[in-house]
Amino acid sequence: VCPTGALTEVDHVGKVWRELNNPKKTVIVQTAPAVRVALGELFGEEPGTVVTGKMVAALRRLGFDKVFDTDFAADLTIMEEASELAHRLKHEETLPILTSCCPGWVKFFEHQFPDLLDIPSSCKSPHEMFGVIAKTYLAGKMGIDPKDMVVVSVMPCVAKKYEAARPELAIKPEIPDVDIVITTRELGRMIHEAGIDFKSLKDEDFDRPLGESSGASVIFGTTGGVIEAALRTAYEWLTGSTLENVEFESLRGMEGVKSAKVTINGRTLKIGVAHGLGNARTILEGIRAGECQLDAIEIMACPGGCIGGGGQPYHHGNIEILKARAEGLYKEDRDKPIRKSHENKEILALYDEFLGKPYGEKAHELLHTSYTARKKL
Ligand code: SF4
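Residues numbered from 1 in each chain as written. Predicted model: local features only at pLDDT ≥ 70, side-chain atom pairs only at ≥ 80, totals over all residues.

### A word on the site of the ligand
Rules: Here is the check we use: build the C-beta atom from the backbone, and if it is within 6 Å of the molecule or strand, call the residue near. Secondary structure elements follow DSSP: runs of H or I no shorter than four residues count as helices, runs of E no shorter than two count as strands, and numbering proceeds from the N terminus. Gly is placed with the polar residues, together with every amino acid not listed as nonpolar (Ala, Val, Leu, Ile, Met, Phe, Trp, Tyr, Cys and Pro) or charged (Asp, Glu, Lys and Arg).
Taken together, the neighbourhood of the ligand is formed by 14 residues, with C102, G104, C157, C302 and G309 sitting nearest. At the level of secondary structure, the elements contributing two or more residues to the shell around the ligand comprise α4 (103-112) and α6 (159-164). Per-element accounting of the shell around the ligand gives the leading share, three residues, to α4. Of the residues belonging to the shell around the ligand, the class tally is ten nonpolar, three polar and one charged.

### Considering the sheet that holds strand β8 (residues 257-264)
What holds strands together in a sheet is hydrogen bonding between their backbones, with the strands either parallel or antiparallel. What counts is decided by this rule: DSSP calls a pair of strands paired once it identifies at least 2 bridges connecting them. By definition, residues are in contact whenever their C-beta atoms, placed on the basis of the backbone, come within 7 Å of each other. Axes here refer to lines fitted to C-alpha atoms; in helices the fit is confined to the stretch in contact. Angles between the N-to-C directions go from 0 to 180 degrees.
One open sheet holds the four strands; their spatial order is β3-β10-β9-β8, and the pairing between them is mixed. Each of the sheet's edge strands pairs with one partner strand only, and the pair in question is β3 (97-98) and β8. The pairing of β8 with strand β9 (residues 267-275) spans eight bridges and is classified as antiparallel. Bridging across to β9, K258 finds its partner in V273. Across the sheet, helix α9 (residues 225-239) touches β8, β9 and β10 (296-300), and the angle it forms with β8 is around 10 degrees.

### As for the nonpolar core
Here is the rule we go by: Among buried residues, those of type Ala, Val, Leu, Ile, Met, Phe, Trp, Tyr and Cys that are joined through C-beta atoms within 7 Å form a set called a nonpolar core. For the exposure call, what matters is how many other C-beta atoms sit within 10 Å of a residue's own: 20 or more marks it buried, 12 or fewer exposed, and in between partly exposed, using C-beta atoms placed from the backbone.
Membership of the largest hydrophobic core comes to 103 residues, with the highest contact counts inside it found for I133 and A230. The element contributing the most residues to this core is helix α3 (residues 70-90), with eight residues. Sequence-distant contacts of A230, defined by excluding residues within four places in its chain, comprise I78, E81, A82 and L85.

### Considering helix α10 (residues 277-288)
Selection rule: Between the first and last residue of a helix there are one fewer steps than residues, each counted as 1.5 Å, and that sum is the expected span. In this description, one arc is meant: the one made by directions from the helix axis to the C-beta atoms.
Look at α10: 16 Å from first C-alpha to last across twelve residues, which is about the 16 Å you get at 1.5 Å a residue. Turning to α10, its buried residues number three or more, namely L277, N279, A280 and L284. Take α10 and look down its axis: the buried residues cluster within an arc of 150 degrees, on one side only. The elements touched by buried residues of α10 are α4, β8, β9 and β10. G290 lies just past α10 and shows a positive phi near 75 degrees.

### Overview of unusual backbone geometry
In this structure, P96 follows L95 across a cis peptide bond, with omega equal to 5 degrees. Examined against the element boundaries, P96 turns out to sit in the loop between α3 and β3. Here R208 and P209 are connected by a cis peptide whose omega angle stands at -10 degrees. Structurally, P209 is set in the loop between α7 (184-193) and α8 (215-218). Non-glycine residue E92 carries a positive phi angle of around 50 degrees. Looking at the secondary structure, you find E92 in the loop between α3 and β3. One non-glycine residue, H316, lies in positive phi territory at about 50 degrees. With respect to the secondary-structure elements, H316 resides in the loop between β10 and α11 (319-335).

### So, the environment of G104
Take G104: it is sitting in helix α4. Accessibility expressed as a C-beta count within 10 Å gives 20 for G104, which makes it buried. Each C-alpha atom, one on G104 and one on A159, is 5.8 Å from the other, the two residues being 55 residues apart in sequence.

### As for the pairing of strand β4 (residues 149-155)
Counting buried positions along β4 gives seven out of seven residues, so the element sits mostly inside the fold. Side chains of β4 alternate between two faces, with M149, V151, S153 and M155 and V150, V152 and V154 buried alike. Relative to β4, strand β1 (residues 26-31) runs parallel, the two sharing six bridges. Across the sheet, the residue bridging to V29 is V152, located in β4. When β4 meets strand β7 (residues 180-183), the two strands line up parallel, connected through four bridges.

What follows is the structure, given as structure tokens:
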């Protein structure tokens, strides 16, 4: 928070209320993984309390026509990212591959490492993938003109507001993938403004389709989770055998840089994780100097990953709060009936009915993006 009040947060609550009150619009909402383990803190719950069901119930009471889960699109991201990794390995293309679902990190490398734009994955971030699928596949199923659909993302992140405005993340200039982004704190304020007694709400489930998700998608919200989710799928696809222990302990925890080795078909893949942009810079400078031996790297701008995002309830640097939120996500992962993205039946139906093959032509058109070299700040 700016101590002099010269800078204020961009607030989109009023914009969401206006769309909810517009009878011509179908307003749908999606919620990121990290929101569900922090939103409760705004209503007196302990950090890490999983409030997924109450959050869905509250969003329905606020007036959203459909309530969906960004976790569904996190599974979709893994289908594309694991395919991209398999493709790069098979064709001996550039490695390491870097995850690309954090817009703070994407903007950082566009400015600071414009000579390395060929290494990040070309996958859009999960909420952008969700937006484009909502305005094509779902709009078709619902018989709605995408111009009359408003996609609202509830994110732990202030950078996602900027990301949603990137011109390349749109079906057409007048139809962005995502229309409005609000943060966890803004959602909390809307619930307060509407006078909803959050703690007394009964749990409700997400709408379908686009509501089913695996445990792999839930852990996207914490540092190490994206690459762990990708490994669960890439391992099984590349080896053809079942991954019995899906928990990659060495990629978990709050250390700034983590690594693991995974042997796939006789080749040892070296995996890295960095959170916080100082750690990211160290890794990227190693890549630029030809000294980095890693094959796949997850980078998140915020310490702890999205659980510590700039749009979450303030944690004032208290690492115990971040650990509790991470544990909430790992618990939700353990409790899920499926824990691998490629076993999500709604994702498989989406490819069957609409997208075709993972990493195929239509998937490329809708789910992938490109980056821009920008001036060093
Ligand atoms: Fe946003 Fe931070 Fe998550 Fe990156 S790590 S997506 S900047 S909340």
